[in-house]
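Examining the three-dimensional arrangement
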Amino acid sequence: MRRLLIALVFFLGATAHSQEKQTKASGHYLFAWTGDDAKKGNDFLAVIDADPGSASYGNLMTTLVTDQPTMRVHHTEYVMPASGMLFANDHDAGRTFIFDLRDPLHPKIVTSFTDMDGYMHPHSYLRLPNGHVLVSFQHAHHGGMEESMGGSGGLVEIDDQGKVIRSASSADPAFPGALLTPYSLVVLPEIDQVVSTNSSMDEVNYFSGVTYQVWRLSDLKLLKTANLDIGDNHYGHVSPEEPRLGPDGAVYVQTLGCGIERISAVDKDEPTSKLVYTFPGSFCGVPTIVGHYLVQSVPVMHGLIVVDISNGMKPVEVSRLKLSDHFFSHWTGWDARRTGLW
Amino acid sequence: MTGSENRLYLVKLDEATGAIQLDMAFHDADGKPGFNFADREWPYGWRGTGVPHGVVFSR
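Being a predicted model, the structure only gives us computed values, none of them experimental. (Residues numbered from 1 in each chain as written. Chains lettered and ligands numbered in written order. Predicted model: local features only at pLDDT ≥ 70, side-chain atom pairs only at ≥ 80, totals over all residues. Heavy atoms only, no water.)

Some remarks on the overall build of chain B
When its secondary structure is counted, chain B shows zero helices and six strands. Seen in sequence order, chain B has helices and strands lined up from the N terminus as β-β-β-β-β-β. At 14 Å, chain B has a C-alpha radius of gyration far larger than the 10 Å of a compact globule built from 59 residues. Counting every position in chain B, which comprises 59 residues, the buried fraction comes to 58%. Sequence-distant contacts in chain B: of pairs separated by 6 or more residues, those separated by 24 or more amount to 31%. For chain B, the exposed area adds up to about 2400 Å²; of that, 50% sits on carbon and sulfur atoms. (Helix = DSSP H or I, 4+ residues; strand = E, 2+ residues; numbered from the N terminus. Rg over C-alpha atoms; globule rule 2.2 N^0.38 Å. Buried < 20%, exposed > 50% of the residue type's maximum accessible area, 1.4 Å probe, protein only. Contact = heavy atoms within 4.5 Å. Areas by Shrake-Rupley, 256 points an atom, 1.4 Å probe, with all protein chains shown as cover.)

Looking at the packing of aromatic side chains
Applying the stated rule across the entire model yields 18 aromatic pairs over all chains. When the centroid spacing of 5.2 Å and the interplanar angle of 75° are considered together, the rings of Tyr57 of chain A and Phe26 of chain B count as edge-to-face. Of the two residues, Tyr57 of chain A is situated in the loop between β3 (42-49) and β4 (60-69) and Phe26 of chain B in the loop between β2 (20-22) and β3 (35-36); the pairing between them involves two chains. Neither residue differs from the other here; Tyr57 of chain A and Phe26 of chain B are each classed as buried. (Phe/Tyr/Trp six-rings, centres within 6.5 Å; stacked < 30°, edge-to-face > 60°.)

Describing the sheet that holds strand β2 (residues 29-36) of chain A
If you trace the four strands from one edge of the open sheet to the other, you get β4(A)-β3(A)-β2(A)-β6(B), paired in antiparallel fashion. In the strand order of this sheet, the two ends are held by β4 of chain A together with β6 (50-57) of chain B, each with one partner. Adjacent strand axes in the sheet meet at a mean angle of 20° when their direction is disregarded. Across six bridges, β2 of chain A lies against β3 of chain A in antiparallel orientation. (Pairing = 2+ DSSP bridges. Axes fitted to C-alpha atoms, helices over the stretch in contact; angles between N-to-C directions.)

A word on unusual backbone geometry
Generally, phi is negative for residues other than glycine and the peptide bonds are trans, each holding for most cases. Residues and elements named next belong to chain A. Phi is positive for Lys39, close to 55°, though the residue is something other than glycine. Structurally, Lys39 can be placed in the loop between β2 and β3. Positive phi, close to 55°, is recorded for Ala265, a residue that is not glycine. As for its placement among the helices and strands, Ala265 is situated in the loop between β19 (259-264) and β20 (272-278).

Notes on the side chain of Asn36 of chain B
Residue and element names in this part refer to chain B. Mapping Asn36 onto the fold places it in strand β3. Residue classification places Asn36 among the buried residues on the basis of a relative accessible area of 18%. Reaching out from Asn36, the side chain makes a polar contact with the backbone nitrogen of Ala38 at a distance of 2.9 Å. The contacts of Asn36, once residues within four sequence positions are left out, are Asn6, Arg7, Asp28 and Asp30. (Polar contact = N/O pair within 3.5 Å; in protein donor to acceptor, adjacent residues only side chain to side chain.)

So, in C-alpha cells, the structure goes:
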C-alpha cells in the first residue's frame, strides 16, 4: 500500500557536513511532504520544530501549500541536499516540486515539472557529486520496440532550477517483456556507477519487478540488467525498491516482498545478488542504513526492525519496535545533524 | 483513517547497539508521542487530515 504512508524519522548520530554552511542554519526542522487524506485539498509542506532544546519541539511552525490537488503525495529526497533545494513529488500527478528551504520558516516553491526529456512519472531523487539530481522516471513516452516489453522508463539528470541536463532509457532488448520501470537508485561515484531498481507504482504491477540495473555514471550508459536472486521462499526478491550503499561496499536493496538483496561486485562485469534476509510480511518500506545497522519499516509488525549487517551475507536482528496496533510503517529518514544517543 | 494513523514519530537509535526507542519528548499539542496530522487547522487556512510521506530534516 504505497499510497498509505506514514512517516518514521530517526535521529542518528553522524557528523554534520561542511556544506551545512551553505544553508541558513537557524533552528532545526522537519519538512513533511503531505497530502490531503480525503483527496479534496492540495499537497503541502509542513515544517515542524525538530530542535529538542526548543520549547516548541514537535510543534508545527508553518506550512507551504502548492496548487497540486492531492493524488498520491509521495517521495522527497532522502536527506536534505547541501543546496537546500528539495525535490518532492505527487506521483500519480506525475509532478515534482522543487522547494527552496534555505530559510526553513519561509519555504518557497522554486518551480515544478512533470514530464522530462520523454520520460514521465518521476519517483526518486538522488544527488550527484556535481549537486544535480538524478531522477528515476517510471515510464517513457516513446514506443516502438519498448511497447512489446513490460514497460520502461529512464534516468534523468536535472539541476536545481528544473533544467534537464541529460537522460538515458532503462529499456534493454536483452530483457524482452521484463518490467524495467526505474523505482530508485544509489549513486556510486567512486566506481563511476549507478545501481537502480525496477519496480512499478501501478497497482496491477506491484509485484512484477525482479531486476536491477547497473549504469556508468559518467555517461549514463546502461551497462547491465540482471535478475535478483530468488531465495528459498520465492518471494523475497519481488519488487526491488530502495538500494542503499552498505558499510562493506555492497548495495543492499529492500524489496516489497520484505527481502534484502545484497548486490556485490558491482564494479565487476558480473555483479551478484543474493537474498540475504527476509522480514516478516510484505509491503516493507523505505530503509535506512546507519553504520552497520539497517533499519527497516515492517508494516506487518506495525513498526521497525533493526538488523546488524556487519556480516552482510548473514544479517542478524538486534532490535524491533512496535509503534501501535495499527501503524502501517513506511518511510524512514535520518538526522545527520544530531549526535550521540537519540 | 484506514489501516494506519496520521502520525509522524521520531525514533532514537543507539548506534552502538542498534537498539531503538520512541522519542517521547517529540510530541504535538495533544501530548501524545509524535506529530498529529489528523483533523487540524493548518496555517495556510485549510482544515483537514494530512497524509505525510517523504520527510526530511534540515541540515
